[in-house]
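Each chain, letter by letter, is given below.
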Amino acid sequence: MRADVAAIGQNLGWHGALSVDYVMPHDGSGALLIDCNPRLVEPMSAYLAGLDLVRLLLQVSLGETPMPAPDSREGVRTHLAMQVLLGCASRGETRRDIIVECWRLIIASGPYAGSAEELAPVWLDWISAVPLAMIAVVLLAAPKLGVKLASGGWGSHLLDIASIRRIEREDFR
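Note that the coordinates shown come from a computational prediction; the quantities given were computed from them, not determined experimentally.

Visitor: Would you explain the packing of helix α5 (residues 95-107) against helix α6 (residues 129-141) in this entry?
Guide: Geometrically, a packed helix pair is captured by the angle between its two axes and the distance between the axes. Remark: α5 packs on α6, axes separated minimally by 9 Å, with the N-to-C direction vectors making an angle of 160 degrees. Considered as vectors, α5 and α6 are oriented roughly antiparallel to each other. Of the two possible hands of crossing, α5 and α6 adopt the one that is left-handed. Along its contact with α5, which presents R95, I98, I99 and C102, the element α6 presents A136, L139, L140 and A141. Residue composition of the contact of α5 with α6, grouped by class: seven nonpolar, no polar and one charged.

Pasting the structure below:
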């Protein structure tokens, strides 16, 4: 992927942050690029994997040429608790389901075992718990607000559940 992203940047004449999301098909046919952003995306995930994107971007912004970045650590897992809770509510899950998900996030169990929080890393910044707690309280009070909250901030360009299921099908290509 490094070579592909470098080629995209070179062909665009780009010399700043460039973020690319991709899906790797099971058939080994190569990456399917699904999103490209001319900005820094998920720097905490990269940082936890050993790659300080913020430092690199600051060096470029100052006109410096940073040394090539080392490979990041594979297998580092992260999650975004706020998106998890909004997703639960958006799928029509109950208050009980939301409480269970909150508990799994708090004790780092199930899909969150061995995974680190990106957006609200309370262990580094305790105040980041405030917006997360507010979302949890709002969703517990009115779970149906999950759809409205999730769609109000990001837009219709994001993948919905039907699109994700379509991509997951074996005949996607």
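Visitor: I tried to follow the packing of helix α4 (residues 81-90) against α6 on my own but got confused; where do I start?
Guide: It is at 10 Å that the axes of α4 and α6 come closest, and there the two elements cross at 10 degrees. Viewed along their axes, α4 and α6 adopt a mutual orientation that is roughly parallel. Contacts between α4 and α6 involve A81, M82, L85, L86 and A89 from the former and P131, L132, I135, A136 and L139 from the latter. When the residues that make up the contact of α4 with α6 are grouped by side-chain class, the tally is ten nonpolar, no polar and no charged.

Visitor: Would you mind going over the pattern of salt bridges with me for this structure?
Guide: A side chain with one charge can pair with a side chain of the opposite charge if their charged atoms come near. In total, this model carries two salt bridges according to the counting rule given. The residue R91 makes a salt bridge to E93 at a minimum N-O spacing of 3.1 Å. What makes R91 partly exposed here is its relative accessible area of 47%. Across the salt bridge formed by R104 and E101, the nearest N and O atoms sit 3.5 Å from each other. Taken together, the residues R104 and E101, both in helix α5 and three residues apart, mark about one turn of the helix.

Visitor: I'm lost on the nonpolar core in this one. Help?
Guide: Considering soluble globular proteins, one finds that nonpolar side chains tend to be buried as a cluster. The biggest cluster of nonpolar side chains holds 16 residues, and the ones touching the most others in it are L85, I98, L105, L132 and L139. Looking at this core, the element that brings in the most residues is α4, giving seven residues. Look past the residues within four positions of L132 in its chain and what remains in contact with it is A81, M82, L85 and A120.

Visitor: Help me understand the state of the cysteines, please; the structure alone is not making it clear to me.
Guide: Simply put, disulfide is the name for a covalent bond between the sulfur atoms of two cysteines. Across all of its chains, the model carries zero disulfides by this definition. The thiol of C88 is unpaired, and the distance to the nearest cysteine sulfur, on C102, comes to 7.9 Å. Overall, C88 belongs to the buried group, its relative accessible area being 1%.

About the thresholds
- Residues numbered from 1 in each chain as written.
- Predicted model: local features only at pLDDT ≥ 70, side-chain atom pairs only at ≥ 80, totals over all residues.
- Heavy atoms only, no water.
- Axes fitted to C-alpha atoms, helices over the stretch in contact; angles between N-to-C directions.
- Helix = DSSP H or I, 4+ residues; strand = E, 2+ residues; numbered from the N terminus.
- Parallel < 35°, antiparallel > 145°, perpendicular 65-115°, else oblique.
- Left-handed = near helix turned anticlockwise from the far one by under 90°.
- Contact = heavy atoms within 4.5 Å.
- Nonpolar A, V, L, I, M, F, W, Y, C, P; charged D, E, K, R; others polar.
- Salt bridge = Lys/Arg side-chain N within 4 Å of Asp/Glu carboxyl O.
- Buried < 20%, exposed > 50% of the residue type's maximum accessible area, 1.4 Å probe, protein only.
- Core = buried A, V, L, I, M, F, W, Y, C linked by side-chain atoms within 4.5 Å.
- Disulfide = S-S within 2.5 Å.

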